[in-house]
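Chain residues, written in single-letter form:
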There are 2 protein chains.
Amino acid sequence: MVVREKILDLVVSCFKRHGAMGMDTPAFELKEMLTEKYGEGSGLMYDLKDQGGELLSLRYDLTVPFARYLAMNKVKKMKRYHVGKVWRRESPTIVQGRYREFCQCDFDIAGQFDPMIPDAECLKIMCEILNGLQLGDFLIKVNDRRIVDGMFAVCGVPESKFSTICSSIDKLDKMAWKDVRHEMVAKKGLAPEVADRIGDYVQCHGGVSLVEQMFQDPRLSQNKQALEGLGDLKLLFEYLTLFGIAEKISFDLSLARGLDYYTGVIYEAVLLHTPTQAGAEPLSVGSVAAGGRYDGLVGMFDPKGHKVPCVGLSIGVERIFNIVEQRMKTFGEKVRTTETQVLVATPHKNFLQERLKLIAELWDAGIKAEMLYKNNPKLLTQLHYCESTGIPLVVIVGEQELKEGVVKIRSVASREEVAIKRENLVAEIQKRLSES
Amino acid sequence: MVVREKILDLVVSCFKRHGAMGMDTPAFELKEMLTEKYGEGSGLMYDLKDQGGELLSLRYDLTVPFARYLAMNKVKKMKRYHVGKVWRRESPTIVQGRYREFCQCDFDIAGQFDPMIPDAECLKIMCEILNGLQLGDFLIKVNDRRIVDGMFAVCGVPESKFSTICSSIDKLDKMAWKDVRHEMVAKKGLAPEVADRIGDYVQCHGGVSLVEQMFQDPRLSQNKQALEGLGDLKLLFEYLTLFGIAEKISFDLSLARGLDYYTGVIYEAVLLHTPTQAGAEPLSVGSVAAGGRYDGLVGMFDPKGHKVPCVGLSIGVERIFNIVEQRMKTFGEKVRTTETQVLVATPHKNFLQERLKLIAELWDAGIKAEMLYKNNPKLLTQLHYCESTGIPLVVIVGEQELKEGVVKIRSVASREEVAIKRENLVAEIQKRLSES
């Protein structure tokens, strides 16, 4: 939980650094509002019937609710972040499914702007967050939905199969090409020669030079949509170079992003090395951040179909939590679960009153302080409590101190004690805390 | 949303100051796990049936999930806070009910400790938060569930009616005594003379002297339970005096707290004056924080019935949001929705590349910066954007600046501009931001 909080703090502060405002939307939507927006993913939506028999769905992601919000409130321009829970069923096939509840962190830019400027910022944000979290080396795969569709068209995929073939291609990060090919041919009825043509493309990845190469590709260069996508990617790489992050980005024709609502550039960040326990298998974590452009989604919720172009990203914080926890286990790192700075203690009986007065003074000065909830705790118990919870300072008041108008401050680490005047207590503690 | 965030920050930092760790529990529970724990309140639970027909309830509060967590994980001692959403139906009678989704902030101390020390800390926390939020003068009503039950017993309420009469009494903050009396007599079948005896008690409130007075009360002093409650309240007032908050606390025999799970001290904070618009009716807000001791709830979830005593509080942040918003409207206060410190701007065409390089540098230095997503925005548009969103500084780069290796920093408020060397930009902005 403490680790989660630190990770979320870093993510949110990056979103704020890029000028986003915080936003929240309700956890439920009417099911009919959602189903068609997700394509094949909608099988994992968690549906519920309320007391009145109304069919609801729990928030499956934060993107669709955002688009709906923009449409309903006729907002034409907005940069917002949203940290919230989403719910998904564990499997589309089991009816009595357990659901997974997890946290998502989204950043989106809505509005009609000049091409690729907000898109480049989204990639910059992903880099800043992944660098900030120190998860190790990473790569962001980039593609464009129009290039995917163009590739399908020139390879000879029937248009009715675009969406389902797209979700097959999307599995290439977890499955080998031959298995994906098998799925497309045997299960989805794609002609083998079409699958092989796709295979030639989806095994390509590289930098801006691959973009140039695809401009020259005899098939792809005949497709208007694909050319538009390539043109945008070229511009995007120019901006990414100015942002100093181009070497982190890989144009990857296998990236398809299964969700139906993407219309332009799409991206997904993967970690290149995952910290593991000595001897253990490398932990496969899949993508840790992803997103893309979805220019049509808002229009689907608008009664008149008015569009608001959007681009955004989602940080896979649950996966990141797991990675960080795994790493902490591997390296035996410990994290304090509280932030307490001072324990108010006494070596003598009948000093509850003095402890209560003293701790109230510390709280009122904004100092994080605890005391044991016992009338007469043993000094050793109090010191052990500091050691086991990581509290760095102890303030000790006893008979002698009370008589002399002083208190003792003890450093738990060094075991050094100094007596200071009672009235200087707050100032002295603040001084010590600011030094450490 | 920004206001909400600031309020939540203040609440959470107070919880941390008192040594609590953050915790989260799932949003759903099986309905059967919850129903009996809330007494009459359970009519407002939001029930849902999932795809498999399992009956679920959405989290109605954060206390019951906490108790369940302690029991399931056999945790005997814990100080935690939880900020999360809860859901309630708007009315227990309408079947096709709309639900309300709202945020709750809870702090609880679980464990076997010496009497009234954690309880006093809960009241101290409520005072710190209400003082910190500057909501105006407030009062915390305190009572003890054993005094309520003892009062019912000596007044002649049949034991089977304790719970329902308790929830009538609980309405005394919103309804006049005669209406509550009517409900108890006409609707709940209480004998009129019993109601009148209750009436004599529930109109009493005062400080520690009222506790002393009740010790002498000819009826109440005959009841063992009530005497235990009074004994604890006396001790509580002693600790509250040491904390310097006794004058904020009122022993109030009309405080009953409708929920079934309370077993000891109960409390509720109310604002004494609410800021209103000139001429408008005072806004009635009810309680803004409440809580109490619930020593039996964990045992209800434990297979062997092992008890873990608990005491806690909940901050009514939704009500507080409303009050703060109302106050801001009244005084015409504005809040920025973003925290952006710098806009990167240009007066010339074809300066997108320079802006992109510059802003990446600011982001990488942790400075909150924005730019307009246009290739060639007008300078006036850029300056207007700062004024309308409250961005205090503009960094301007143009042809002349580029040639001289400088950039201009403009203060939006004073309209003053100074040219500084390009390489000193980050340091200069950080200096200005730390001064303001």
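Named according to an unreviewed UniProt entry, chain A is histidine--tRNA ligase originating from Sapajus apella. The record in UniProt for chain A states the following under Sequence similarities (unreviewed entry): "Belongs to the class-II aminoacyl-tRNA synthetase family." The record in UniProt for chain A states the following under Catalytic activity (unreviewed entry): "tRNA(His) + L-histidine + ATP = L-histidyl-tRNA(His) + AMP + diphosphate + H(+)".

Next up on the list: helix α4 (residues 117-132) of chain A. Residues and elements named next belong to chain A. If you check α4, its first and last C-alpha atoms are 22 Å apart, about what 16 residues at 1.5 Å a residue would give, namely 22 Å. When you tally the buried positions in α4, you get 14 out of 16 residues, the bulk of the element. Glutamine 134 sits one or two residues past α4 and shows a positive phi near 50°.

Another aspect to go through is the packing of aromatic side chains. All names here are of chain A. Counted under the stated rule, the structure contains 14 aromatic pairs over all chains. Ring centres of phenylalanine 15 and phenylalanine 107 lie 5.5 Å apart, and the angle between their planes is 40°; on these two criteria the pair is classed as tilted. Note that phenylalanine 15 is positioned in helix α1 (residues 2-17) and phenylalanine 107 in strand β6 (residues 99-110), a separation of 92 residues in sequence. For phenylalanine 107, a relative accessible area of 0% puts it in the buried group. The ring of phenylalanine 66 is capped by arginine 80, whose NZ or CZ atom sits 4.1 Å from the centre of that ring.

Moving on: the environment of Leu135(B). Residues and elements named next belong to chain B. Secondary-structure assignment places leucine 135 in the loop between α4 (117-132) and β7 (138-144). Owing to a relative accessible area of 3%, leucine 135 belongs among the buried residues under this scheme. Sequence-wise, leucine 135 and isoleucine 320 are 185 residues apart; in three dimensions their C-alpha atoms are separated by 8.2 Å. Excluding residues within four positions of it along the chain, leucine 135 makes contact with Leu130, Leu271, His273, Ile320, Ile323, Val324 and Arg327.

Locating Ser250(B) in the fold gives a position in strand β9 (residues 249-252). Aside from chain neighbours lying at most four places away, what touches Ser250(B) is Leu139(B), Ile140(B), Lys141(B), Val142(B), His205(B) and Gly206(B).

Attention now moves to the sheet that holds strand β15 (residues 393-396) of chain A. All names here are of chain A. With mixed pairing, 5 strands are arranged side by side in an open sheet as β14-β13-β15-β16-β17. Single-partner strands in this sheet number two, and they are β14 (369-370) and β17 (417-421). Both strand β13 (residues 342-345) and β15 contribute to a ladder of 4 bridges, which runs parallel. Looking at β15, one finds that valine 342 is bridged to leucine 393. Running at roughly 175° to β13, helix α14 (residues 379-389) makes contact with β13, β14, β15 and β16 (406-411) of the sheet.

Each value, and the rule that gives it
- Residues numbered from 1 in each chain as written.
- Chains lettered and ligands numbered in written order.
- Predicted model: local features only at pLDDT ≥ 70, side-chain atom pairs only at ≥ 80, totals over all residues.
- Heavy atoms only, no water.
- UniProt positions renumbered as here; feature names shortened; annotations may be inferred.
- Helix = DSSP H or I, 4+ residues; strand = E, 2+ residues; numbered from the N terminus.
- Expected span 1.5 Å × (residues − 1).
- Buried < 20%, exposed > 50% of the residue type's maximum accessible area, 1.4 Å probe, protein only.
- Phe/Tyr/Trp six-rings, centres within 6.5 Å; stacked < 30°, edge-to-face > 60°.
- Lys NZ or Arg CZ within 6 Å of the ring centre and 35° of its normal.
- Contact = heavy atoms within 4.5 Å.
- Pairing = 2+ DSSP bridges.
- Axes fitted to C-alpha atoms, helices over the stretch in contact; angles between N-to-C directions.

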